[in-house]
Amino acid sequence: PLDGWALLSTCNRVELYLDAVRFHDGLDVVIAALAEVTGWARPELTTALMVRSGAPAAHHLMAVASGLESMVLGESEITGQVRRSFNEALHQQSSTPMLNDLFQQALRTARRVASRTALGRAGRSSAEVVCDTAAARLGGEEPLSSRRILVVGSGAYSRVICAELALRHVTCVGVWSPSGRRSASIDKYGFTHVTPD
């Protein structure tokens, strides 16, 4: 029942964009696949999903790509994540002409928002907000750069946080991954690999 699909997975969302021949049959396929992957029961999944079709789905992707649906309004990283999702669908040959048009339009919209609005000119990233919040909570005269910081995780968001810390000249950073993977940020920025010990 599906001609194509694209998966957008970020730190706080998992979204599937479908080109379905038959809407309800396509949705059943997705729910069955999610139940298998997550171990959730189908009724739980059904109530947890938010489903949009047609123009509302297109508007949602454009808002997501532009950072309007992010925890940090106007977050700049999300456009790259949408682009990677689209490229992955192209690489996996799961995209269709309709999905290609949808993602290309969403990326064009994101560029327009970034270049023509105050939101885009602000250029805030979620990593900046995290570091600003940490610095404000720590308070005092001592800047963030003189603190010892532990980054938990080795995925994409961890790399973004490490890049922001490096920009702020924070040198005493340890990176610990619950999965045991060694983060590329360790070597790139001279940070320390932290083990469970």
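Scroll up a little and you will see the structure.
Residues numbered from 1 in each chain as written. Predicted model: local features only at pLDDT ≥ 70, side-chain atom pairs only at ≥ 80, totals over all residues. Heavy atoms only, no water.

S.K.: Just checking my understanding: could you explain the sheet that holds strand 4 (residues 173-176) for this structure?
M.R.: One key point about sheets: their strands pair by backbone hydrogen bonds, in either a parallel or an antiparallel sense. As summarised here, the arrangement of the three strands in space is 3-4-5, forming an open sheet in which the pairing is parallel. Taken across any chain shown, the strands that pair with only one partner, and hence form the sheet edges, are strand 3 (149-152) and strand 5 (192-193). As judged from the two bridges shared by strand 4 and strand 5, these two strands associate in the parallel manner. The partner of Val175 across the bridge, within strand 5, is His193. (Pairing = 2+ DSSP bridges. Helix = DSSP H or I, 4+ residues; strand = E, 2+ residues; numbered from the N terminus.)

S.K.: For this particular structure, what's the right way to read the pattern of salt bridges?
M.R.: A side chain with one charge can pair with a side chain of the opposite charge if their charged atoms come near. Throughout the structure, instances matching the rule amount to six salt bridges. Among the ionic pairs, Arg22 bridges to Asp25, the shortest N-O distance being 2.6 Å. Its relative accessible area of 34% is what places Asp25 among the partly exposed residues. Ionic pairing is found between Asp187 and Arg182, a salt bridge with its closest N-O pair at 2.8 Å. With a relative accessible area of 55%, Asp187 lands in the exposed category. Through salt bridges with shared partners, a single ionic network connects Asp132, Glu164 and Arg168. (Salt bridge = Lys/Arg side-chain N within 4 Å of Asp/Glu carboxyl O. Buried < 20%, exposed > 50% of the residue type's maximum accessible area, 1.4 Å probe, protein only.)

S.K.: Looking at this structure, I do not really get the pairing of strand 2 (residues 13-20). What am I missing?
M.R.: The side chains of a regular strand alternate, residue by residue, between the two faces of the sheet. Of the two faces of strand 2, only one is covered, namely that formed by Arg13, Glu15, Tyr17 and Asp19; the face formed by Val14, Leu16, Leu18 and Ala20 stays uncovered. Here strand 1 (residues 2-10) runs beside strand 2; their pairing, made up of eight bridges, is antiparallel. When the sheet's bridge partners are listed, Thr10 is paired in strand 2 with Arg13. The loop that links strand 1 with its antiparallel partner strand 2 comprises two residues.

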